[in-house]
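Chains, contacts and geometry: an overview
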Amino acid sequence: MIDYDPASIENKWQERWEISGIWKADIDPSKPKFYLMFAYPGVSGYLHVGHMRGYTYSDVITRYKRMTGYNVLFPVGAHATGNVAISFARKIQRGNQEQIDILKSNNCPDEVIEKLKDPNFVVDFFSDVYVNQYWKKFGFLADWRRFMTTVDDGYKKFIQWQFRKLHEKKMLTQKPYYGTACMNCGPVAVDASETDISQGGNAEKQEWTVLKFKMGDEFVVAATLRPETVFGQTNFWANPDVEYVRAKVDDETWIISAEGAEKLSFQKDSVKIIGKISGKELIGKTVIAPVIDREIPILPSTFTDPDYGTGLVTSVPSDAPYDWIALRDLANNSEECKKYGLDQEMVKAIEPIPIIISKGWGLNPGVEICEKMGINDQNDPKLEEATKQIYKDGFHTGRMRDNCGKFAGMSVFDAKEEVKAMMLELGVADIMYDLSEPVICRCGAKVIVKLIPDQWFINYGNEEVTQIAKDFVPKMFIQPKEFKDNLPGNLDWFQERSCVRLGNWMGTPFPFDERWTIEPISDSTLYSAYYLVSNYVSDGKLQPEQMNEAFFDHIYLKKGSADEVASSTGIEKAVLESISADFDYWYPLDINLGGKEHQTVHFPVFLMNHAAIMPDMLPRGLFVNWWISGKGGKMSKSKGGAEPIPDAASIYTVDGLRLYYCHIASPHVDVEWDQDNVRHSKMRTEKIWKFANELMAMQGGDSQPIDSWLESRIHSHLQNIRTAMEKFDMRETAGIIFYEIYNDIRWYLHRGGNNAELISKILNAWLRTMAPFTPHMAEELWETGGNDGLISIAGYPKAEEFKQDKDAEAAEDYLRAVQSDISDILKMTGMMPKKICLYTAHGWKYEIQQKMVLEKKDMGFIMKEAMADPELRNKSKEISAFTSKLMKDMKRFGDGGMPSFEGTFEFNTLESAKEFFQKEFDCEFIIASADESEIYDPSNKKGVASPGKPGIHAEGSLN
RNA sequence: GCAGAGAUAGCCAAGCCAGGUCAACGGCGUUAGAUUCAGGGUCUAAUCCUUAGUGGUUCGCCGGUUCGAAUCCGGUUCUCUGCACCA
């Protein structure tokens, strides 16, 4: 036998495939087409073994389709838009040790690390890594000619065309937007991954309602997150230790903190500081509270932070624990009152005004929670928690009390928006945005919220487009089902989505205003169409500058004649016709495959853009795969998975890894990477390799009854494989191929099967079933077995190639059950058997079972009939016991599920396996029917026998 | 917070939509035995409790529907994903 050397087999066949060109996808009108792509990866550096899961599924599915007669298109690409490559390069420029360590552990040479300071090189370098170190090394048969990245010139032309079409559809809108930005670096993303920022990834953008309190000609301005509570205002807070400023905002003068004024200056056209006023000066004055139009006093507090909101706060002690505690502190502190010249009795007289009825709380939740939590002063950190709790309960369960004007009875949830709207309308309030915690940019500057007055959006709220997409969902093939069910809801939920941004980003300039760059999600919503053009760009038949609006209109929307477009673009007419034909042949896409993170963003917008631009060409299917994670979340060196992908391929072998991805679990659950499991998959391929070699060496033999069983099993397996693969159920399929068929053939040999001709026929089919999963091993064995051509393009085996024989399968199932019963008994007793007797049941039991199971007779009928028969009459007790048990069993099996036996069939089956049993248990076997007279039955087992379950008597030495 | 998904034996994971052949596929791990067996190999058997085979208890937790529930319904706790300038 040839030793198994996976590494050399991998190289050998990857080379052969490369040369053979079977990966090239060209039109073949004689075959149905199948077009699958996966959501291309962002160029974010080296990937880990988890990423290969979905990619591998793609190759397995397309290989299967190819072998079942489809002409397959499987292109790959990479997503470079945005700031991933830029921030990657910046990290290298800054000498980020963590990043450099990752590169080094992936065997990245120093001179390359040096070059990775250039974002463009980052894109080129990792594109090459993905293609050559990952996908080709995993044996993928992708159409490499079509490889593209989203920053290719041709791709940019394509995206610009797409946005022109969206504009024609009136789906591009423009309106003000508040975005996060750094004054030095421009727009930054504030998110948990912290790619742009060095601190504050969990910050949220909050909308503050700015309340204007009239004080003479000026306004003292507070900010609140709870505008609906204005009805409960009792006083106003200023921090005596803070120096506030007078700022000219539009035509008004606002008193706010300097920090607040700065923030506001990014969000309003004119904010100009014209003076100062200390907190102390404000205290003791009175202001007119908005909405309630009441005069309230300004009191001192220490919890008011100049950096939070406007640095000034209105006080609602009924629902704000901070306010209540501060008020109480002050009322009880005569010294403090004196210090600010306040009338202590006046402060004491301030009572909370109940405004919200909240589940589980009385009149003043803010007061109650402080008592409950034992909060005693305004610097107690528990106040934060108390505030959150009250807010949560009030927001979800609360209703406005009767003293809240026209909002009385309204839920807090609704009142919040309505009160805010009313105040804006009246001009007593304004809006301001801020981040919930400090955020610091990579450059060290503070990240602020900035008004972008003319932000562009794609309006996914467009009803016509949404409807087209929603209507199409039921016709699509979508796995898993849960996602299919949710997708229409996701589509409805999508409204406007900002689609361009300013600043230093990689990507396509926005065609209507080139200062803007189209953002990363918006430029990956139609790209399956570009794969039908990219190969022409790659081989130079098409120049990016020729790819104008007329060109894409012609290819995708069938506008204009080939002659016209050829002359206006300068593209050869033949090329134009060829591209056009390609598109007509391959489009629409059959499957877009991607990770679970794409469910609510990428897949819906992918559908919507097709619905908007190519409503007749909507993708026919989506396949979502879940993730592979390390134990406890991250991949780790000690537990595996963190090694570079090429290293993992050499440790576990490519076929081993492919089998692992396919067989470890359903594609739609997360899996923990476990070295032992991966190693097992590798050994499984090796085991099958050896076994296949042994089978190939078989000679001669003769045909026996067990042959029919094996053939029939293979028939069923092939049928089940087809059914499973139609749903791309790769786990089920891999289980059948790599475990069940393997076990069946071994059982066949164990049972004495030795028909080399049959085995050779089965092996031939078996190898073909394996090919999509473990293609390298399958090719090698295919060649060793003397077959011509590549197995990768051989036909996938069909169930009809093997004869079905239900009786043979039933007989074998029966024998296995008997064997297992005998084993159980021997195990229980610890007996070394000398003699085992098997008794098939009494004939009347078969008759009754037949009548009940097949003829559906009931118990009364059976008993009546039995009593009429003189021979059965004296067995009535036995009969009724047997019959009622049978009734029970039948119920357990459900409708028609209970197998029924004939006595002769059972007896003959046992008789035919006698020799096998004797060898198996190494003892004498006696097989008899319970109806035979004078049979040896010392422990009276013939009586307990029932159809399908023979009585068993064993004797021998106990040890 | 909002939306969605999930919780199955020591571990990883099928089954759930279409309730009964489910003590619950498969794998890992563990244990025992075999192998002229050198490098985590292969094979056989066992692996909830009980037992001369048809018995008991189990599928996050609590309750309900049903002759019958891992599967259906309600509630509850915990985990994961997305939430719109991260891709």
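Residues numbered from 1 in each chain as written. Chains lettered and ligands numbered in written order. Predicted model: local features only at pLDDT ≥ 70, side-chain atom pairs only at ≥ 80, totals over all residues. Heavy atoms only, no water.

Quick look at the overall build of chain A now. On a plain count of helices and strands, chain A comes out with 36 helices and 32 strands. Relative to the globule expectation of 30 Å for 959 residues, the C-alpha radius of gyration of chain A, 39 Å, shows a markedly less compact shape. Based on the C-alpha atoms only, the size of chain A along its principal axes is roughly 120 × 80 × 50 Å. A total of 959 residues make up chain A; the buried ones form 54% of that total. Of the contacts formed within chain A by residues at least 6 apart in sequence, a portion of 76% connects residues at least 24 apart. With the model as given, the accessible surface of chain A reaches about 41800 Å², and the carbon-plus-sulfur share is 49%. Each charge class in chain A was averaged separately, 111 positive and 141 negative side chains, and the resulting centres sit 2 Å apart. (Helix = DSSP H or I, 4+ residues; strand = E, 2+ residues; numbered from the N terminus. Rg over C-alpha atoms; globule rule 2.2 N^0.38 Å. Buried < 20%, exposed > 50% of the residue type's maximum accessible area, 1.4 Å probe, protein only. Contact = heavy atoms within 4.5 Å. Areas by Shrake-Rupley, 256 points an atom, 1.4 Å probe, with all protein chains shown as cover. Lys, Arg positive; Asp, Glu negative; His and termini not counted. Charge placed at Lys NZ, Arg CZ, Asp CG, Glu CD.)

Here the focus is the nonpolar core. Within the largest apolar cluster, 139 residues are counted, with the highest numbers of intra-cluster contacts made by Leu116, Phe126, Trp135 and Trp766. With 11 residues, the single largest contributor to this core is helix α27 (residues 730–750). When residues no more than four places from it in sequence are discounted, the contact partners of Phe126 are Val43, Gly45, Tyr46, Phe88, Leu103 and Leu116. Among the nonpolar cores identified, the runner-up in size contains 72 residues, and Val473, Phe483, Leu491 and Ala612 belong to it. (Core = buried A, V, L, I, M, F, W, Y, C linked by side-chain atoms within 4.5 Å.)

Read from one edge to the other, the open sheet built from four strands follows the order β6-β5-β21-β23, with strand pairing classed as antiparallel. For this open sheet the edge positions go to β6 (186–187) and β23 (496–498), each flanked by a neighbour on one side alone. In terms of strand pairing, strand β5 (residues 172–182) meets β6 through two bridges, oriented antiparallel. Considered in β6, the bridge of Ala181 is made with Pro187. (Pairing = 2+ DSSP bridges.)

According to the stated counting rule, one finds 40 salt bridges in the structure shown. Of the charged contacts in the structure, one is a salt bridge between Asp670 and Lys596, with a shortest N-O distance of 2.6 Å. Highlighted residues: Asp670 in the loop between α24 (654–663) and β29 (671–672) and Lys596 in the loop between β26 (591–595) and α22 (602–613), separated in sequence by 74 residues. Under the relative-accessibility criterion, Asp670 is labelled partly exposed at 42%. (Salt bridge = Lys/Arg side-chain N within 4 Å of Asp/Glu carboxyl O.)

Let's shift gears to the environment of Lys481. As for its position among the elements, Lys481 is in helix α17 (residues 481–493). Since its relative accessible area comes to 55%, Lys481 is described here as exposed. Sequence separation of Lys481 and Tyr531 is 50 residues, and the distance between their C-alpha atoms is 28 Å.

This part is about the sheet that holds strand β22 (residues 477–479). Strand order in this open sheet of five strands is β2-β1-β26-β27-β22, and the pairing throughout is parallel. Single-partner strands in this sheet number two, and they are β2 (71–73) and β22. Mean inter-strand twist for the sheet, computed between neighbouring axes without regard to direction, equals 15°. Looking at chain direction, strand β1 (residues 33–38) and β26 are connected through three bridges and run parallel. Residue pairing across strands places Leu36 opposite Ile591, the latter belonging to β26. (Axes fitted to C-alpha atoms, helices over the stretch in contact; angles between N-to-C directions.)

Orientation of helix α3 (residues 84–93) relative to helix α4 (residues 97–105), taken along the N-to-C sense of each, is 100°, at an axis distance of 8 Å. Comparing the axis directions of α3 and α4 gives the class roughly perpendicular. Note on element contacts: α4 touches α3 through Gln99, Ile100 and Leu103, opposite Phe88, Lys91 and Ile92. (Parallel < 35°, antiparallel > 145°, perpendicular 65-115°, else oblique.)

Within the secondary structure, Asn235 sits in strand β10 (residues 235–238). Of note is the side chain of Asn235, whose polar atom sits 2.7 Å from the side chain of Thr234. Polar side-chain contacts of Asn235 include one of 2.8 Å to the side chain of Ser315. The residues contacting Asn235, other than those within four sequence positions of it, are Ile296, Pro297, Leu299, Thr314, Ser315, Leu327 and Ile350. (Polar contact = N/O pair within 3.5 Å; in protein donor to acceptor, adjacent residues only side chain to side chain.)

Extensive coverage of strand β8 (residues 205–215) is indicated by the burial of eight of its 11 residues. With seven bridges joining them, β8 and strand β19 (residues 429–435) adopt antiparallel strand pairing. Within β19, the residue paired with Thr209 across the bridge is Ile431. Bridging between β8 and strand β9 (residues 218–224) involves seven bridges; their strand directions are antiparallel. Its bridge partner lying in β9, Lys212 is registered against Val221. The loop that links β8 with its antiparallel partner β9 comprises two residues; one of these, Gly216, has a positive phi angle of about 65°.

A separate point is the confidence of the model for chain A. Regions with low pLDDT carry predicted coordinates that are not meant to be interpreted in detail. In this model, chain A carries a mean pLDDT of 89, and residues with pLDDT of at least 70 account for 97%. The spread of mean pLDDT over the elements of chain A runs between helix α34 (residues 876–893), the lowest at 73, and β2, the highest at 98. If you check the scores for this complex, the pTM reads 0.88 and the ipTM reads 0.90. (pLDDT = per-residue confidence, 0-100.)

In total, this model carries 63 aromatic pairs according to the counting rule given. Relative to Tyr130, the ring of Phe126 lies with its centre 6.4 Å away and its plane at 35°, an arrangement referred to as tilted. Here Phe126 and its partner Tyr130 are both found in helix α6 (residues 119–135), four residues apart, which amounts to about one turn of the helix. Judged by relative accessible area, which is 0%, Phe126 ranks as buried. The side chain of Lys835 reaches across the aromatic face of Tyr936, ending 4.2 Å from its centre. (Phe/Tyr/Trp six-rings, centres within 6.5 Å; stacked < 30°, edge-to-face > 60°. Lys NZ or Arg CZ within 6 Å of the ring centre and 35° of its normal.)

Let's shift gears to unusual backbone geometry. Gln479 connects to Pro480 through a cis peptide bond whose omega is -5°. Summarising the element assignment, Pro480 is placed in the loop between β22 and α17. The omega torsion of the bond from Tyr587 to Pro588 falls at 0°, within 30 degrees of zero and hence cis. Phi at Asp250 is positive, roughly 50°, even though this residue is not glycine. As for its placement among the helices and strands, Asp250 is situated in the loop between β11 (243–249) and β12 (252–257).

Turning our eyes to something else, we now look at the environment of Cys441. Along the chain, Cys441 falls in strand β20 (residues 440–441). According to the relative accessible area criterion, Cys441 is buried, its value standing at 2%. Considered as a pair, Cys441 and Pro321 are 120 residues apart in the sequence and their alpha carbons are 33 Å apart. Apart from the residues lying within four places of it in its own chain, the contact partners of Cys441 are Cys182, Cys185, Val188, Asp196, Ile197, Ser198 and Val447.

All right, on to the packing of helix α28 (residues 756–770) against helix α29 (residues 775–784) then. Their axes nearest at 8 Å, the elements α28 and α29 cross at an angle of 155°. Classified by the angle their axes make, α28 and α29 are roughly antiparallel. α28 and α29 meet at a crossing whose hand is left-handed. Where α28 approaches α29, its residues Asn764, Leu767, Arg768 and Met770 are matched on the opposing element by Met777, Ala778, Leu781 and Trp782. The class makeup of the residues in the contact of α28 with α29 is six nonpolar, one polar and one charged. (Left-handed = near helix turned anticlockwise from the far one by under 90°. Nonpolar A, V, L, I, M, F, W, Y, C, P; charged D, E, K, R; others polar.)

β12 sits mainly inside the fold: five of its six residues count as buried. Across two bridges, β9 lies against β12 in parallel orientation. Bridging across to β12, Val220 finds its partner in Ile255. In the sheet, β11 pairs with β12 via six bridges, with the strands oriented antiparallel. Residue Lys248 lies in a different strand from β12, and its bridge partner there is Thr253. Where β11 hands over to β12, the hairpin turn is made up of two residues, of which Asp250 adopts a positive phi near 50°.

Turning our attention to the side chain of Gln233. Relative to the helices and strands, Gln233 resides in the loop between β9 and β10. Its relative accessible area of 0% is what places Gln233 among the buried residues. Engagement of the side chain of Gln233 in a polar contact is seen with the backbone oxygen of Pro290, the distance being 3.4 Å. With residues up to four places along the chain from it excluded, the contact list for Gln233 reads Leu211, Phe213, Ala289, Pro290, Ile292, Arg294, Ile296, Thr314, Ser315, Val316 and Ile353.

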